[in-house]
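Structural overview for review
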Amino acid sequence: NAGVTQTPKFRILKIGQSMTLQCTQDMNHNYMYWYRQDPGMGLKLIYYSVGAGITDKGEVPNGYNVSRSTTEDFPLRLELAAPSQTSVYFCASSWRFQETQYFGPGTRLLVL
Amino acid sequence: GESVGLHLPTLSVQEGDNSIINCAYSNSASDYFIWYKQESGKGPQFIIDIRSNMDKRQGQRVTVLLNKTVKHLSLQIAATQPGDSAVYFCAEAGGGFKTIFGAGTRLFVKA
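Cut-off values and rules
- Residues numbered from 1 in each chain as written.
- Chains lettered and ligands numbered in written order.
- Predicted model: local features only at pLDDT ≥ 70, side-chain atom pairs only at ≥ 80, totals over all residues.
- Heavy atoms only, no water.
- Pairing = 2+ DSSP bridges.
- Helix = DSSP H or I, 4+ residues; strand = E, 2+ residues; numbered from the N terminus.
- Disulfide = S-S within 2.5 Å.
- Buried < 20%, exposed > 50% of the residue type's maximum accessible area, 1.4 Å probe, protein only.
- Phe/Tyr/Trp six-rings, centres within 6.5 Å; stacked < 30°, edge-to-face > 60°.

Residues and elements named next belong to chain A. Sheet topology note: the strand E5 (residues 44-51)/strand E6 (residues 54-57) ladder contains 4 bridges and is antiparallel. Paired with tyrosine 47 across the strands is lysine 57, a residue of E6. Taking the residues between adjacent antiparallel strands as the criterion, E5 and E6 are bridged by 2 residues, where glycine 53 takes a positive phi near 85 degrees.

According to the stated counting rule, one finds 2 disulfides over all chains in the structure shown. Sulfur-sulfur distance for the disulfide between Cys23(A) and Cys91(A) comes to 1.8 Å. On the S-S bond that ties Cys23(A) to Cys91(A), the torsion sits near -70 degrees, and the link is left-handed. Residue Cys23(A) is located in strand E3 (residues 19-25), and its partner Cys91(A) is located in strand E9 (residues 87-94); the two are separated by 68 residues in the primary sequence. Taking relative accessible area as the criterion, Cys23(A) reaches 1% and is therefore assigned buried. Shown here is the disulfide that connects Cys23(B) with Cys90(B), its sulfur atoms set 1.7 Å apart. One end of the pair, Cys23(B), is in strand E2 (residues 19-24); the other, Cys90(B), is in strand E8 (residues 86-94), and 67 residues separate them in sequence. Given a relative accessible area of 5%, Cys90(B) falls into the buried group.

On to the packing of aromatic side chains, then. Centre distance and the angle of the planes are the two values used to describe a pair of aromatic rings. Per the counting criterion, the structure on display carries 14 aromatic pairs over all chains. Considering the side-chain rings of Tyr48(A) and Phe97(A), the 5.5 Å spacing of their centres and the 40 degrees angle between planes classify their relative orientation as tilted. One end of the pair, Tyr48(A), is in strand E5; the other, Phe97(A), is in the loop between E9 and strand E10 (101-103), with 49 residues separating them in the sequence. Residue classification places Tyr48(A) among the buried positions, given a relative accessible area of 9%. A residue is classified by how much of its surface remains accessible, and Phe97(A), at 33% relative accessible area, is partly exposed. On the basis of an interplanar angle of 90 degrees and a centroid distance of 5.5 Å, the ring pair of Phe103(A) and Tyr36(B) is categorised as edge-to-face. Here the residue Phe103(A) occupies a position in strand E10, and Tyr36(B) occupies one in strand E3 (residues 32-38), the pair thus bridging two chains. The pair formed by Phe103(A) and Tyr36(B) is uniform in burial state, with each residue classed as buried.

Set out below in structure tokens:
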């Protein structure tokens with residue numbers, strides 16, 4: 001099992017550009033999550049999904065969008081990138097809702 | 001312990017010593033707690049979990065202690081090794097709300 005994979009590993013965006021962060025898991029988990037991690041801070045939940053076709057906002061959803069067309073994939077879309085979105089983004093999945101989560105390696109995003 | 005801000009609490013231990021990392025959680029309704037380890041440049045990795053009906057749980061070289069009275073969680077690492085150097089953070093879940101992650105404690109292991 002590859003677990004949770006994320007692409008790209010690193011990206012630099014200019015203000016106003018858009019991009020999609022990819023996330024795939026091969027553990028057949030129904031639950032998937034997107035977090036951002038800022039230096040010295042705990043993980044903040046952006047969006048989550050309880051199954052294909054179902055998504056919901058987390059703590060910090062503004063400026064982001066998600067979709068969940070399959071169990072495996074949970075892409076995160078940034079529209080009109082802003083410097084405040086400079087962060088490390090982690091995708092995670094779990095067997096039970098909000099219980100032990102398996103994280104991807106992260107995407108480091110710099111918005112200039 | 002946990003703190004929010006740019007500078008994480010740091011614990012420095014000698015190789016072979018035991019490490020104790022502390023965490024204060026916020027919601028008395030939380031009934032599930034998890035410790036994660038995050039190495040530099042990597043995603044968080046599950047270490048051990050505990051439910052609120054337990055006070056102690058042991059894994060391989062790790063023990064988690066839960067004190068619900070004072071809302072305190074600790075992670076004990078026995079015979080700490082250089083490979084244990086990382087940021088450790090706790091998470092609380094349950095009670096009908098989303099998982100809350102602490103900022104973490106940085107563990108340095110001196111050889």
